[in-house]
Number of protein chains: 2
Amino acid sequence: MSEKVIVIYSGGMDSYTVLNHAIKQGFDVYALTFDYGQRHVKEIEYAKNACKDLGIQHKIVDISAINSIISGSSLTDEIEVPEGHYESDNMKQTVVPNRNMILLSMAVGYAVSLDATKVFYGAHSGDHAIYPDCRPEFVQKMQDVCAIANYEPVDIVVPYINNTKIEILTDGLKMGLDYSKTWTCYNGREKACGKCGACQERLEAFELNQQTDPLEYES
Amino acid sequence: MSEKVIVIYSGGMDSYTVLNHAIKQGFDVYALTFDYGQRHVKEIEYAKNACKDLGIQHKIVDISAINSIISGSSLTDEIEVPEGHYESDNMKQTVVPNRNMILLSMAVGYAVSLDATKVFYGAHSGDHAIYPDCRPEFVQKMQDVCAIANYEPVDIVVPYINNTKIEILTDGLKMGLDYSKTWTCYNGREKACGKCGACQERLEAFELNQQTDPLEYES
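What counts as what
Residues numbered from 1 in each chain as written. Chains lettered and ligands numbered in written order. Predicted model: local features only at pLDDT ≥ 70, side-chain atom pairs only at ≥ 80, totals over all residues. Least-squares fit on C-alpha atoms with pLDDT ≥ 70 in both. Contact = placed C-beta atoms within 7 Å. Helix = DSSP H or I, 4+ residues; strand = E, 2+ residues; numbered from the N terminus. Nonpolar A, V, L, I, M, F, W, Y, C, P; charged D, E, K, R; others polar. Expected span 1.5 Å × (residues − 1). Buried ≥ 20, exposed ≤ 12 C-beta atoms within 10 Å, placed from the backbone. Core = buried A, V, L, I, M, F, W, Y, C linked by C-beta atoms within 7 Å. Pairing = 2+ DSSP bridges. Axes fitted to C-alpha atoms, helices over the stretch in contact; angles between N-to-C directions. Right-handed = clockwise from strand over helix to strand, strands pointing away. Parallel < 35°, antiparallel > 145°, perpendicular 65-115°, else oblique.

**Student:** For this particular structure, what's the right way to read the relation of the copies chain B and chain A?
**Tutor:** The second copy of the chain is related to the first by a rotation about an axis and a shift along the axis. Its rotation angle being 180°, the transformation that places chain B on chain A also includes 0.0 Å of axial translation and leaves an RMSD of 0.0 Å. These values place the two chain copies in the arrangement generated by a two-fold rotation axis. Comparing contact sets, 100% of the residues at the interface of chain B also lie at the interface in chain A, consistent with an isologous, same-surface contact.

Here you go:
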């Protein structure tokens, strides 16, 4: 029997690549999606369909109740989604306080319940500037605490922590992944907007990989 | 304006003591109660009333959705609550995988949202043997990660980490606290059962403080 692992999987392109990376390493993969009342609930539909296609276990956990205590992000609050590139200052509005620790702590609880040994998640170097909880230092300290928080240690694995979003896509394309099965846009309309920070980063990654994004865009 | 702090407050006697300890230190206290589908939902009613009496802010967050991924505890599952003293082996059934990391991570998110600087919680030395996430080593490593997980550091404060439940009660009695405002029993019947591990520990603490528990018991 192969080793069980949890993959935190949003339905976006980075975590889709991490998911497939873990499957290709031969792990028995359990995908875990959190619904924290984000606007791009379409990501969750994409996540569901992708797990069905891959034939892997998938749990969706609704943690939107925490929005009553955690605020400050345009991804969950009723304020405008900022347009423009992630590196702009206004993209700091997309920070959900302590998000990754919250998601990782629940994923680790799931791992302990299943006797899984690892939790994979998809932070990458492009996030470092904006999100403190995507930095290697954060990952290291989470690994330290997750090693001793339960009777059995759980490892936090962040395969692309030192890679850019562009390099993640390069790896995924090498694996032959079909990115039309992933959703990235912060606006949950029928087609991706092409204008929000998430869309712009995604389009840039395809451009720099000299590939066309198979997803349909509004403009 | 005084410094804002979060206190994780279950409605039980230890966290009631921590809550009052924080108030007496002059902090602007925000009490935070998690409903994770535990049997002793009566604790939450006690928590609500106590915060009303103290005139402090109180949030209750329903995180019972995580029970779909986290199991193994008789506090949330439909298996018998074990009788007997906590130190017995069967009390290990009361372990919720990764519980304190999950609760602390959400409390830290709340702290960041409010510009609060600290999160108080009520682990004590009597828990060390059974619960890995009540040990000083766990607290230290959580402090390390919470110092860097967000733009502003949040401190994890565990005032009774090196005290027994008996000593917590001693401190609370010194503060003049009325423990009839706290609920401990794992069975949520009208009166406390007096037999479960939680009741036995509580009764023992009162006995060793040469005081009578003001709470009503079945037997």
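**Student:** Which parts of the structure should I look at to understand the interface of chain B and chain A?
**Tutor:** In many analyses, interface size is given as the accessible surface area lost on bringing the parts together. On the side of chain A, 35 residues touch chain B, which itself brings 35 residues to the contact. Mapped by element, the contributors of at least two residues to the side of chain B that touches chain A are β3 (57–62), α3 (99–114) and α4 (136–146) of chain B. With nine residues, the single largest contributor to the side of chain B that touches chain A is α3 of chain B. For the side of chain B that touches chain A, the per-class residue count stands at 21 nonpolar, eight polar and six charged.

**Student:** Help me understand helix α1 (residues 13–24) of chain A, please; the structure alone is not making it clear to me.
**Tutor:** Side chains of residues three or four places apart in an α-helix project in the same direction, reflecting 3.6 residues per turn. All names here are of chain A. If you check α1, its first and last C-alpha atoms are 16 Å apart, about what twelve residues at 1.5 Å a residue would give, namely 16 Å. For α1, the set of buried residues is Met 13, Asp 14, Ser 15, Tyr 16, Thr 17, Val 18, Leu 19, His 21 and Ala 22. Among the residues trailing α1, Gly 26 stands out with phi positive, at a value near 90°.

**Student:** Quick question: what am I supposed to make of the environment of Val 95 of chain A here?
**Tutor:** Residue and element names in this part refer to chain A. Note on placement: Val 95 falls in the loop between β3 (57–62) and α3 (99–114). Classification of Val 95 as partly exposed rests on a count of 19 C-beta atoms within 10 Å. Distance from Val 95 to Ile 130, taken between C-alpha atoms, is 7.9 Å for residues 35 residues apart in sequence.

**Student:** What's the story with the nonpolar core in this structure? I'm lost.
**Tutor:** Generally speaking, a soluble globular protein has its nonpolar side chains buried in company with each other. Of all hydrophobic cores here, the largest spans 136 residues; its most connected members are Val 7 and Val 119 of chain A together with Val 7 and Val 119 of chain B. The residues touching Val 7 of chain B, leaving out its near neighbours within four places in the chain, are Val 18, Leu 19, Ala 22, Val 29, Ala 31, Leu 32 and Phe 120 of chain B.

**Student:** Before we go on, may I ask you to explain the sheet that holds strand β2 (residues 28–35) of chain A in this structure?
**Tutor:** Within a sheet, neighbouring strands are paired by backbone hydrogen bonds and run either parallel or antiparallel to one another. Residues and elements named next belong to chain A. The strand order β3-β2-β1-β4-β5 describes an open sheet built from five strands, whose pairing is parallel. The strands lining the two open edges of the sheet, one partner per strand, are β3 and β5 (155–157). Strand-to-strand twist of the sheet, defined as the mean angle between neighbouring strand axes without regard to direction, takes the value 25°. Packed onto the sheet, helix α2 (residues 42–54) meets β2 and β3 and runs at close to 165° relative to β2. On top of the sheet, α3 reaches β1 (4–8), β2, β3, β4 (118–120) and β5; it is set at about 160° to β1, its chief contact.

**Student:** Even after reading the chapter, I still don't get the pairing of β1 of chain A, so can you show me in this structure?
**Tutor:** Residue and element names in this part refer to chain A. Burial within β1 is extensive, with four of its five residues counted as buried. Direction of pairing for β1 relative to β2: parallel, over a ladder of five bridges. Note on β2: the bridge partner recorded for Val 7 is Ala 31. Crossover handedness for the path β1 to α1 to β2: right-handed. With three bridges connecting them, β1 and β4 associate as parallel partners. Bridging from a neighbouring strand, Ile 6 pairs with Val 119 of β4.

**Student:** What should I look at first to understand the packing of α3 of chain A against α3 of chain B in this one?
**Tutor:** Any two packed helices are characterised by the angle at which their axes cross and by the distance between the axes. Here α3 of chain A crosses α3 of chain B at 170°, and the two axes come no closer than 8 Å. When the axis of α3 of chain A is compared with that of α3 of chain B, the two are roughly antiparallel. Along the contact surface, α3 of chain A presents Met 101, Ile 102, Ser 105, Met 106, Val 108 and Gly 109 of chain A, while α3 of chain B presents Met 101, Ile 102, Ser 105, Met 106, Val 108 and Gly 109 of chain B. Partitioned by chemical class, the residues of the contact of α3 of chain A with α3 of chain B number eight nonpolar, four polar and no charged.

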